[in-house]
Amino acid sequence: MTMRTDNITFFDINDYCTPVNKYGYVDLNHDYRILVALDDEAANKLWGCQLYDEEDGGINRQMICLSFHEDTFYYMEDHFFLFLNAKLDLYINMYEEEYIDTDQLDEAISIMENIIDNTDDRAVIDFGQKLLEMLKIAKERGTIMGFCF
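The shown structure was predicted, so the numbers you read here are calculated from the model rather than taken from an experiment.

The next point concerns the packing of helix α2 (residues 70-88) against helix α4 (residues 122-141). Helix-helix packing is described using two parameters, namely the angle between the two axes and the distance between the axes. Direction vectors running N to C along α2 and α4 enclose 75°, while the axes themselves pass 11 Å from each other. By the angle class used here, α2 and α4 are roughly perpendicular. Between α2 and α4, the residues in contact are T72, Y75, M76, H79, F80 and F81 and A123, V124, F127, G128 and L131, respectively.

What follows is the structure, encoded as structure tokens:
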């Protein structure tokens, strides 16, 4: 289930299933974030990993954010991140920042639509629809999507 708080949507895979712990210890205290800048200034901040608002310390309000934990990352890695990596020549992993630039957005949208259309896994559909919505916002705004894990 997702819960919206201002500009942040939280996604918890445990609302759908208990994922298989395929790598041993899972850190459920670390936030994984996918963000879309809503304007050029925010895009420059996102490129520089300046995610937080200087005044209130939260995620910059000129970005929208999908936040989740490591167990969700592992589940969605097999469904989304590996495909985006292969098709867009990216390296989305849990240790590095990665970005989908403006010239990659159309292909990323197509990939997401294809994945969503070819699954009956409710968690994958819901997570994918949120990612797809974010990609479309990035395209509409002419900005980027950042994976800040």
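Read on for the rest.
Looking at the secondary structure, you find F73 in helix α2. A relative accessible area of 1% places F73 in the buried class. Here the alpha-carbon distance between F73 and R122, two residues 49 residues apart in the chain, equals 16 Å. If sequence neighbours within four positions are ignored, F73 has contacts with Y32, F68, F81, N93, M94 and F149.

We now examine the side chain of T72. Here T72 is to be found in helix α2. The residues touching T72, leaving out its near neighbours within four places in the chain, are F11, D12, I13 and F127.

Residues I34, F68, M76, F81 and F127 are the most contacted members of the largest nonpolar core, which totals 41 residues. When residues of this core are traced back to their parent elements, those giving at least two are β3 (32-37), β4 (63-68), α2, α3 (105-117), α4 and β6 (145-148). Per-element tally for this core: the top contributor is α4, with nine residues. Sequence-distant contacts of M76, that is, excluding residues within four places in its chain, are made with F11, I13, F81, A123, V124 and F127. The next biggest cluster of nonpolar side chains, apart from the first, holds 13 residues, and it includes A37, A42, M63 and I144.

Procedures and definitions
Residues numbered from 1 in each chain as written. Predicted model: local features only at pLDDT ≥ 70, side-chain atom pairs only at ≥ 80, totals over all residues. Heavy atoms only, no water. Axes fitted to C-alpha atoms, helices over the stretch in contact; angles between N-to-C directions. Helix = DSSP H or I, 4+ residues; strand = E, 2+ residues; numbered from the N terminus. Parallel < 35°, antiparallel > 145°, perpendicular 65-115°, else oblique. Contact = heavy atoms within 4.5 Å. Buried < 20%, exposed > 50% of the residue type's maximum accessible area, 1.4 Å probe, protein only. Core = buried A, V, L, I, M, F, W, Y, C linked by side-chain atoms within 4.5 Å.

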